[in-house]
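Survey of secondary and tertiary structure
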Amino acid sequence: MRSSQLFSKTLRQVSTEADTVSHQLLLKAGMIYQVASGVYSYLPLGLRVVRNIERIIREELDAQGAQEMMMPVLQPFELWERTGRHVSFGQGLFTLSDRRDRKLCLGPTHEEVITEIVHHNVNSYRDLPLLLYQIQTKFRDEARPRGGLLRVREFTMVDAYSFDAGEAELDLSYQKMIQAYKNIYSRCGLPTMVVEADSGAIGGKESHEFMLLTSSGEDKIIHCPNCDYAANVDKAQSIKPPGEQEEPLPMEEVATPGIRTIEELASFLHIPKSRTLKAVFYSADKDLVFVVTRGDLEVNEVKLRHVLYCSELNLASEEQVKRAHLVAGSASPLGLHGIRTVADESITLGTNFVAGANKPDFHIRNVNYPRDFQVDLLVDITLAQAGQGCPKCGAKLLSAPGIEVGHIFKLGTMFSQKLAAFFLTREGSRKPIVMGCYGIGIGRILAAAVEYYHDDKGIIWPKSLAPYHVYLCALGMDNPELAQVAEKLYAELEAVGMATLFDDRLDPPGVKFNDADLLGIPLRLILSQRCLKSESVEIKWRTEKEPQLVPIAEAASKIDELLSTRGDSN
RNA sequence: CGGGGUGUAGCGCAGGGGGAGCGCGCAUGGUUUGGGACCAUGAGGUCGGAGGUUCAAAUCCUCUCACCCCGACCA
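A short tour of the structure in this document, coming up. (Residues numbered from 1 in each chain as written. Chains lettered and ligands numbered in written order. Predicted model: local features only at pLDDT ≥ 70, side-chain atom pairs only at ≥ 80, totals over all residues. Heavy atoms only, no water.)

Burial within strand S7 (residues 130–139) is extensive, with nine of its 10 residues counted as buried. Of the strand pairs in this sheet, strand S3 (residues 67–68) and S7 are connected by two bridges, and their pairing is parallel. Among the inter-strand pairings, Gln67 is bridged to a residue of S7, identified as Leu132. Here S7 runs beside strand S8 (residues 154–164); their pairing, made up of 10 bridges, is antiparallel. Residue pairing across strands places Leu130 opposite Phe163, the latter belonging to S8. (Buried < 20%, exposed > 50% of the residue type's maximum accessible area, 1.4 Å probe, protein only. Helix = DSSP H or I, 4+ residues; strand = E, 2+ residues; numbered from the N terminus. Pairing = 2+ DSSP bridges.)

This next bit is on the sheet that holds strand S20 (residues 377–379). A sheet is described by the order of its strands in space; here five strands give the open sequence S16-S14-S15-S17-S20, paired in mixed fashion. Of all the strands in the sheet, the pair left with one neighbour each is strand S16 (313–315) and S20. Each adjacent strand pair in this sheet contributes to an overall mean axis angle of 30°, direction not counted. Where strand S14 (residues 277–284) lies against S16, three bridges are found, and the strand directions are antiparallel. By the bridge assignment, Ala284 is partnered in S16 with Leu313. (Axes fitted to C-alpha atoms, helices over the stretch in contact; angles between N-to-C directions.)

Next up on the list: the protein's contact with RNA strand B. Arg12, Arg140, Met157, Phe409 and Ser528 are the nearest of the 49 residues found near RNA strand B. A share of 50% is what sugar and phosphate atoms reach among the atoms of RNA strand B within 4 Å of the protein. Contact between RNA strand B and Pro108: a base nitrogen at 3.4 Å from a main-chain N or O atom of the residue. Breaking the surface near RNA strand B down by element, the ones donating at least two residues are strand S1 (32–36), S8, helix H8 (301–308), strand S21 (398–412), helix H13 (509–519), strand S29 (523–527) and helix H14 (529–533). At seven residues, H13 tops the list of elements feeding residues into the surface near RNA strand B. (Near = heavy atom within 4 Å. Polar contact = N/O pair within 3.5 Å; in protein donor to acceptor, adjacent residues only side chain to side chain.)

Read from one edge to the other, the open sheet built from three strands follows the order S4-S6-S5, with strand pairing classed as antiparallel. In the strand order of this sheet, the two ends are held by strand S4 (74–76) and strand S5 (94–97), each with one partner. Between one strand axis and the next, the sheet turns through 40° on average, direction left out of account. Of the pairings in the sheet, the one linking S5 to strand S6 (residues 103–106) comprises four bridges and is antiparallel in character. Residue pairing for S6: Leu96 is matched across the bridge by Leu104.

Moving on, we get to the nonpolar core. Ranked by internal contacts, the top residues of the largest apolar core, which has 68 residues, are Leu26, Met31, Leu61, Tyr181 and Trp461. Sorting elements by how many residues they give to this core places helix H6 (residues 167–187) first, with eight residues. The residues that make up this core include at least three from each of domain 1 (49–72 + 106–234 + 399–450) and domain 3 (468–565). Residues in contact with Tyr181, not counting those within four places in the same chain, are Leu61, Val158, Phe210, Ile408, Tyr438, Gly439 and Ile440. (Core = buried A, V, L, I, M, F, W, Y, C linked by side-chain atoms within 4.5 Å. Domains from an automatic or database assignment. Contact = heavy atoms within 4.5 Å.)

As a further point, take the packing of helix H2 (residues 44–63) against H6. Helices that pack against each other are described as a pair by the angle of their axes relative to one another and the distance between those axes. One can describe the packing of H2 onto H6 by two numbers: an axis separation of 9 Å at closest approach and a directional angle of 150°. Between H2 and H6, the angle falls in the class roughly antiparallel. The two elements H2 and H6 meet at a crossing, and its hand is right-handed. Facing Arg55, Ile56, Ile57, Glu59, Glu60 and Leu61 of H2, the residues of H6 in contact are Met177, Ala180, Tyr181, Asn183, Ile184 and Arg187. In terms of residue class, the contact of H2 with H6 is made up of seven nonpolar, one polar and four charged. (Parallel < 35°, antiparallel > 145°, perpendicular 65-115°, else oblique. Left-handed = near helix turned anticlockwise from the far one by under 90°. Nonpolar A, V, L, I, M, F, W, Y, C, P; charged D, E, K, R; others polar.)

What follows covers the pattern of salt bridges. Side chains carrying opposite charge are able to pair once their charged atoms draw close together. For the structure shown, the criterion picks out 39 salt bridges. Ionic pairing is found between Arg275 and Glu246, a salt bridge with its closest N-O pair at 3.3 Å. With Arg275 in the loop between helix H7 (262–269) and S14 and Glu246 in the loop between strand S12 (230–232) and strand S13 (252–255), this residue pair connects regions lying 29 residues apart in the sequence. Arg275 gets classed as buried once you look at its relative accessible area, which sits at 14%. Overall, the relative accessible area of 37% leaves Glu246 in the partly exposed class. Residue Asp372 pairs with Arg371 through a salt bridge whose shortest N-O separation is 2.7 Å. A residue is classified by how much of its surface remains accessible, and Arg371, at 42% relative accessible area, is partly exposed. When salt bridges with common partners are traced through the structure, they connect Lys240, Lys303, Asp344, Glu345 and Asp380 into a single cluster. (Salt bridge = Lys/Arg side-chain N within 4 Å of Asp/Glu carboxyl O.)

Dropping the structure here:
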């Protein structure tokens, strides 16, 4: 491709509205164009990267025996009613009606459709196992699209589904897919960490995310430096720091004028936060829930949601709190009646806590569980934090931000049962197919790669993703002799199938160098008067400072050699 | 949905009751060519939209839409 013909142009400035590195660079490089909030077009250069990602994914999935198919974006809403996910997906589901007022939705994922298809095509254990996948546009009405391609409302996703006769067979499919995914990320040059995850609206029991560790990530990962334990903070377990074990003392009231937060309380009484009890009020499907944890810990709302089996969970409103006669700032489970109380197990790790007196400006010392109060549920509902103990080996946990670039689930029989996808076993009994599903966001991989590989001048594509491998930069194209040599070299590179972007523009060198850096193509070639004199061409890696000189006649073969001996990443 | 912010030329921005501007880009001509070069000339805008106040509104008021950020939410 010739730069002079290329549709997309690089921008000199991008809007201050773009504040994520990948968003800025992709806009600046002319790879994407925003059409609406969370909706983007891919321009020719960006699309070439997308195609590279797709090719890698197809190759790896095909290698595991998966078969590609294609399912519709437009789906009957009724199908979602049958699995109940029209509720659990909630407002994230884009819905619409046709001219006959039939309700439809735009698929945010395809478990319903694939299960329906498999139901009509699989009858016997002989048809299993089965691995199917598609690369398709998905829609999700995100509450807040953000970060350019990182969180969008329309996106291309690879979703794969496995169908097995039993749990043990599912485990095998699951392991196969983990391997396929690892291969995919590694070929994309992205070092990812596999972490335990919450399965959210998809449902199912076991779930893992593939995380790229980078500072711009919006997910938080808790991981162990000593063993292989790693989990999304939503899911992460930890060994909580122990508290003091003392002889229980009699309760006594203490005046705490104006004290409302745990921080204030701890510093006012000169005690560590772990010697206090924290009360938080939630509204779970409209019902008030009283939550108690040790003062040094934070509530994990995902865990709380699971133990409450509720679909809507928010902090309680002021009116709700008032109506229940709770005293925010001095609340405690002492003498509490008629309100569901959930406590974190940390309240058993320690004695003689300071808790609220349930009247303003007073607290109570020496509160002990279960001597002084009871709870309805005593479970783990707090956030794991860096510094706490690894649940597997006890070492000190670390935390890190990451971008979720893939998410896989063991679905079990949830969908097959609801949509009647059964098969006959060898013994002739009817059983629901055991399913798994596996998703990768293409745009996210693209954006994540830019987040991971860039410098102050622009993108630095891994070779496997780069829109072109070679940037042929001819300086002084108005010189007929130079133009002729450049054209010849371009033709040679094209002839051996080298993906080349030929900068044949008449612009000054600075413009071309800057574009070369911005676009992040791995290998830059420069042809100038200076080179012509020595009958050589300058070759430079995007990642390196110094070029090397190669005779023009050997250029094509030298480039081929350079690119094929260099690893996939960079 | 709550909080904050921004909408003025293709892009980036300034202006804040009375002339619609700057930089970049674009067009034409010329000079340039190893890190976004220069000169000259020129095209391009219902100042997001609607209503109001005023002799007069890009500017003040009300409403509305879009986009961004924080939070809530989220395979």
